[in-house]
2 protein chains.
Amino acid sequence: MGTPLPRDPIADAQRNWERHGWGDVAAPMAAITAIMRTQQILLARIETVLKPFGLTFARYELLALLSFARSGALPMNKASALLQVHPTSVTNAVDRLEKAALVARSPHPTDGRTTLIELTAEGRTLAKKATAALNAEVFGKSGFGADDVDHLIRVLGTFRRDAGDFTDE
Amino acid sequence: MGTPLPRDPIADAQRNWERHGWGDVAAPMAAITAIMRTQQILLARIETVLKPFGLTFARYELLALLSFARSGALPMNKASALLQVHPTSVTNAVDRLEKAALVARSPHPTDGRTTLIELTAEGRTLAKKATAALNAEVFGKSGFGADDVDHLIRVLGTFRRDAGDFTDE
DNA sequence: TCCAAACCCTTGGATGTCCTAGTATATTGC
DNA sequence: GCAATATACTAGGACATCCAAGGGTTTGGA
């Protein structure tokens, strides 16, 4: 976006919160703001790596999900639930992936309401290549220490469970 | 988005990664995916709280930033840098806030290229109310423990610094 | 002094996300 | 068996983000 700032804007915000008498929530505010910003940075990195493949993160996620499905196909509503995005977002992604011949829609054999999304051969190949690139360029260079990764997984896992994402354990 | 899943989809993804021989990056992948999802959940909560005020998070952030500026006014490029978003995003937010009479554009006194954004009285009032609501409904109920908050601030702060957000310290 | 390079903001386009319907198909209950 | 309810997908609209490009303003070196 530009040159680095001389000071951490989120730390500044936290100080402002404290200065205005909201010290009791200043720290969570800073943590939440940091999560938002971190997501933005990570998403930008991911999109940069995926761009040469003609993929966006949303489309990649769908391809990756399908590549792990036993039959390489999933109902759209299942994909929506697993990716935790709105059904219309899946429709959007499938439209574009279908145009690129990476997935194909097919009617569900027994339920006329349901549409199955199926990975094409090219889709499977591209998913594999894109995953290798992401593993090498993003996940393998996250910059988080192993302990921090474990901590993030645990803390954010609890948060997501409490938020109603899943009922596991 | 819907009913909770029976199992954590991110933990499943991590297992899939390991099963496919990418065990060395499975954990960072899971941590990064969890950050993306957590951001989505938090953003939804924030937008829900801000909706009654006619604000989105992007617009709120700009109002809050201006409310902390000594003069209540900032150049657009400054706001862009501090919020860490693209200049066009600021243009967009200012357009809408200006239509709502919450901010006003004014020419910079000495630099003809620059436009100042200034908080109106209504803008300042609304910022205060919206902040109180966010503090009560989101930041005050984050669900993160105090230790976890500190850890998140530290780990994500390091990440953001390494990513080039700022040069502090 | 003067023109090229740098900088600032805006417009237009591509994507993604969500919400609110609307259409079609299944399921349920009487 | 049929009507009422629930479920699945899609169309259209509102917003946000980024990139690329264009027009105006400053700055800096020849």
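Sequence positions are assigned chain by chain, starting from 1 and proceeding in written order. By the order in which they are written, chains take letters starting at A while ligands take numbers starting at 1. The model is predicted, so local features are restricted to residues of pLDDT at least 70 and side-chain atom pairs to those at 80 or more, both for listing and for counting; the totals for chains, interfaces and linings are taken over all residues.

Caption draft 1: Spotlight on the overall build of chain A. Helices and strands together make up the secondary structure of chain A, namely seven helices and three strands. Listing each helix as α and each strand as β along chain A from the N terminus yields α-α-α-β-α-α-β-β-α-α. Only the C-alpha atoms count toward the radius of gyration. The rule for a globule is 2.2 Å times the residue count to the power 0.38. For 169 residues, the compact-globule formula gives about 15 Å, and the C-alpha radius of gyration of chain A, at 20 Å, lies well above that figure. The principal-axis extents of the C-alpha atoms in chain A amount to approximately 60 × 35 × 30 Å. Residue burial in chain A is summarised as follows: out of 169 residues, 39% are buried. Once C-beta atoms are placed from the backbone, any two residues with those atoms within 7 Å are in contact. In chain A, of all internal contacts separated by at least 6 residues, the share reaching a separation of at least 24 is 46%. Numbering of helices and strands starts at the N terminus; helices are DSSP runs of H or I of at least 4 residues and strands are runs of E of at least 2. For the exposure call, what matters is how many other C-beta atoms sit within 10 Å of a residue's own: 20 or more marks it buried, 12 or fewer exposed, and in between partly exposed, using C-beta atoms placed from the backbone.

Caption draft 2: Local environment of the protein's contact with DNA strand C. Residues in contact with DNA strand C amount to 23 residues; listed here are only the nearest, A:Thr56, A:His86, A:Ser89, A:Gly112 and B:Asn77. Elements with a contribution of two residues or more to the surface near DNA strand C: α3 (57-68) and α5 (87-99) of chain A together with α4 (76-83) and α5 (87-99) of chain B. Per-class residue counts for the surface near DNA strand C are six nonpolar, 11 polar and six charged. A residue counts as near a molecule or strand when its C-beta atom, positioned from the backbone, falls within 6 Å of it. Classes in brief: Ala, Val, Leu, Ile, Met, Phe, Trp, Tyr, Cys and Pro nonpolar; Asp, Glu, Lys and Arg charged; the others, Gly included, polar.

Caption draft 3: Summary view of the interface of chain A and chain B. Taken together, the contacts link 54 residues of chain A with 54 residues of chain B. Breaking the side of chain A that touches chain B down by element, the ones donating at least two residues are α1 (9-19), α2 (23-50), α4 (76-83) and α7 (146-162) of chain A. In terms of residue class, the side of chain A that touches chain B is built from 31 nonpolar, 14 polar and nine charged.

Caption draft 4: Just the relation of the copies chain A and chain B, in detail. Superposition of the copies was done by least squares, using only C-alpha atoms of residues whose pLDDT is at least 70 in both. The transform that puts chain A on chain B rotates by 180 degrees and translates by 0.0 Å along the axis, for an RMSD of 0.0 Å. Here the two chains are linked by the operation of a two-fold rotation axis. Same-surface contact between copies: 100% of interface residues of chain A are shared with the interface of chain B.

Caption draft 5: Inspection of the protein's contact with DNA strand D at higher detail. If you check the shell around DNA strand D, you find 22 residues, and the closest are A:Asn77, B:Thr56, B:His86, B:Ser89 and B:Gly112. When contributions to the surface near DNA strand D are tallied by element, the ones reaching two or more residues are α4 and α5 of chain A together with α3 (57-68) and α5 of chain B. When residues in the surface near DNA strand D are grouped by element, the largest group, five residues, is from α5(B). In terms of residue class, the surface near DNA strand D is made up of six nonpolar, 11 polar and five charged.

Caption draft 6: The arrangement of the nonpolar core in detail. Ranked by internal contacts, the top residues of the largest apolar core, which has 93 residues, are A:Ala30, A:Ala31, A:Ile35, A:Leu152, B:Ala30, B:Ala31 and B:Leu152. Considering each element in turn, this core owes the most residues, 14 residues, to α2(A). With near-sequence residues (within four places) excluded, B:Leu152 lies in contact with A:Ala31, A:Ala34, A:Ile35 and B:Phe144. One nonpolar core equals one set of buried Ala, Val, Leu, Ile, Met, Phe, Trp, Tyr and Cys residues connected by C-beta atoms within 7 Å.

Caption draft 7: Expanded view of the sheet that holds strand β1 (residues 73-75) of chain B. Residue and element names in this part refer to chain B. Here a strand pair is declared whenever DSSP counts at least two bridges between the two strands. Ordered by their spatial adjacency, three strands build an open sheet running β1-β3-β2, and the pairing between neighbours is antiparallel. The open sheet has two edge strands, β1 and β2 (103-107), and neither has a second partner. Averaged over all pairs of adjacent strands, the angle between strand axes in this sheet comes to 30 degrees, irrespective of strand direction. Judged from the three bridges that link them, β1 and strand β3 (residues 115-119) form a sheet pairing that is antiparallel. Bridged to Ala 73 within β3 is Glu 118. Against the sheet, α5 touches β2 and β3, its axis set at about 115 degrees to β2. Angles shown run from 0 to 180 degrees and are taken between the N-to-C directions of axes, each axis being a line fitted to C-alpha atoms and, for helices, limited to the stretch in contact.

Caption draft 8: Representation of the packing of α2(A) against helix α6 (residues 121-137) of chain A. Residue and element names in this part refer to chain A. At a minimum axis separation of 10 Å, α2 and α6 run at an interaxial angle of 135 degrees. In terms of orientation, α2 lies oblique with respect to α6. Handedness of the α2/α6 crossing: right-handed. On α6, the residues touching Ile 46, Val 49 and Leu 50 of α2 are Ala 130, Ala 133, Leu 134 and Glu 137. For the contact of α2 with α6, the per-class residue count stands at six nonpolar, no polar and one charged. For classification purposes, angles smaller than 35 degrees are called roughly parallel, those larger than 145 roughly antiparallel, those between 65 and 115 roughly perpendicular, and all remaining angles oblique. Whether a crossing is left-handed or right-handed is set by the direction in which the near helix is turned from the far one by less than a right angle, anticlockwise for left-handed and clockwise for right-handed.

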